[in-house]
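Descriptive structure summary
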Amino acid sequence: MIVQDVINHLEDLAPLAYAEDFDNVGLLVGDKTQEITGILVTLDTLETVVDEAIQENCNLIVSFHPIIFKGLKKLTGKNYVERVVMKAIKHDIAIFSIHTALDNALQGVNDMICNQLGLINKRILIPQSETIKKLTTYVPKKEAEQLRTALFQAGAGHIGNYSDCSFNVEGYGTYKGNENSNPTLGTKGETHSENETKITVTYAKHLETQILSTLFKTHSYEEVAYEVTTIENKNQNIGMGMIGEFEKSMDEASFLNHLKTKMNTGCIRHTIFLNKKIKKVAVLGGSGSFAINAAKANGADAFVTADLKYHDFFTAENNILLADIGHYESEQFTKNLLVAYLTKKITNFAIILSKTNTNPVKYF
């Protein structure tokens, strides 16, 4: 198995196409064709984590957070980022980061938080837009079924719980090839009419390369007429945060005690109690102040996140209980998720969960 094989598995879980624009995801250090001796999964890639990888004979580190976030102009070892990269290169260790691609995945960071808390009826809090594409093409009527089937097999035509979805209109097309043409139907230099089917299918944007490749490979025409558009529909399976419910509501103090225990946090910063029951809860791992209004708009009784600033707490406006559990604490179970997933996909050697606690924040 090579590094790229593992990347393919991880992209099945969380396609990198859905990472946030500001992020730096993917293979950050190393050769994607390198054969793997072992995989170490961590939340952060620190020098101690690289040392752990060396000790465990792992030459691929799968990290949630990217060690390289801003551009590196020098590698002199003057800071921890440069030292990590230098040590990884020296020992032929590849580093892959999945970060906000997993934040936006349906079975990603926020799903893990919901599972830890015991929430049910889960859904995405802030669905992504511009992630759904629409392909329209025109094919000889007698070839329509073959092309539709090929596009479906390539991943097109999925809408929610339905597959093989398409829209088809029959008509006729005309064309005339010049002296350099080689038409599969008709004669060059003569206008040709052909009974055609207009096929329209939607697909997830990360599948575009294979969808178009399938179109060109399956279509019989020398020049394939097609249109690709991005549609505005929200993608209910991709996006930031999640919202769910407890089977039974609880009072605010009981909720915070439940949160503190299940998320293994030493401290919770929260807004004033509103003397209301907590049943519907929104969650967003990592820095989540931008989602407070979304949590309120979705009717959440509480919002669990991290890195709230002083003025962020005012935006609760006595409508919601805000709970800041800490950045590391909100994402700590992510590496368990990745280990469990990769263990199911890769059975020929162990996927190792890093024992290094990378949390830089301590509580006194």
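Residues numbered from 1 in each chain as written. Predicted model: local features only at pLDDT ≥ 70, side-chain atom pairs only at ≥ 80, totals over all residues. Heavy atoms only, no water.

1. Digging into helix α6 (residues 144-153)
Stated precisely, the cut-off is as follows: Accessibility here uses a 1.4 Å probe with only protein chains present; expressed as a share of the type maximum, an area under 20% marks a residue as buried, one over 50% as exposed, and anything in between as partly exposed. Under the scheme used here, helices are H or I runs from DSSP no shorter than 4 residues and strands are E runs no shorter than 2 residues, and both carry numbers assigned from the N terminus. We call two residues in contact when some of their heavy atoms are within 4.5 Å.
Taken as a whole, α6 has its buried residues at Ala-144, Leu-147, Arg-148, Ala-150, Leu-151 and Phe-152. Taken together, the buried residues of α6 touch β6 (132-140), β7 (167-175), β8 (192-204) and α7 (208-218). Count one or two residues on from α6 and you reach Gly-155, which has phi positive near 115°.

2. With respect to the environment of Lys-198
In this structure, Lys-198 sits in strand β8. Placed 59 residues apart in sequence, Lys-198 and Val-139 show a C-alpha to C-alpha distance of 6.6 Å. Apart from the residues within four sequence positions on either side, Lys-198 is in contact with Thr-136, Thr-137, Tyr-138, Phe-167, Asn-168 and Val-169.

3. Examining the sheet that holds strand β2 (residues 39-42)
Our working definition: By definition, two strands form a pair when at least two bridges between them are found by DSSP. An axis is simply a line fitted to the C-alpha atoms; with a helix, the fit covers only the stretch in contact. Between two such axes, the angle follows the N-to-C directions and lies from 0 to 180 degrees.
Read across the sheet, 5 strands follow the order β1-β4-β3-β2-β15 without closing on themselves; strand pairing throughout is mixed. Strand pairing shows two members of the sheet lacking a second neighbour, β1 (26-29) and β15 (351-353), which therefore form its edges. Each neighbouring strand pair of the sheet contributes to a mean axis angle of 30°, computed without reference to strand direction. Here helix α2 (residues 47-55) sits on the sheet and contacts β2, β3 (60-63) and β15; the angle it forms with β2, its principal contact strand, is near 155°.

4. Digging into the sheet that holds β6
Strand-to-strand pairing in sheets goes through backbone hydrogen bonds, with the strands running parallel or antiparallel. One open sheet holds the 4 strands; their spatial order is β7-β8-β6-β9, and the pairing between them is antiparallel. Sheet topology places β7 and β9 (226-231) at the edges, where each strand pairs with a single neighbour. When strand polarity is set aside, the average angle formed by the axes of neighbouring strands in this sheet is 25°. The sheet contact formed by β6 and β8 spans 9 bridges and is antiparallel. Across the sheet, Leu-135 pairs through a bridge with Val-201, a residue of β8.

5. Here we look at the nonpolar core
Formally: As used in this record, nonpolar core signifies buried Ala, Val, Leu, Ile, Met, Phe, Trp, Tyr and Cys residues forming a set joined through side-chain atoms within 4.5 Å.
Counting residues in each nonpolar core, the largest one holds 52 residues, and the members touching the most others are Ile-39, Leu-102, Phe-255, Leu-259 and Leu-342. Excluding its chain neighbours within four sequence positions, the residues that come into contact with Leu-259 are Leu-117, Asn-264, Thr-265, Ile-268, Val-304, Ala-323 and Ile-325.

6. Looking at the pairing of strand β4 (residues 94-97)
Spelled out, the test is: Call a crossover right-handed when, viewed with both strands pointing away from you, the route from the first strand across the helix to the second goes clockwise.
Of the two faces of β4, the one carrying Ala-94 and Phe-96 and the one carrying Ile-95 and Ser-97 are both buried. For β1 and β4, the ladder comprises 3 bridges, and the chain directions are antiparallel. Bridge assignment links Gly-26 to a residue of β4, and that residue is Ser-97. Of the pairings in the sheet, the one linking β3 to β4 comprises 4 bridges and is parallel in character. Its bridge partner lying in β4, Ser-63 is registered against Ser-97. The β-α-β motif built from β3, the intervening helix α3 (residues 80-90) and the parallel element β4 has right-handed crossover chirality.

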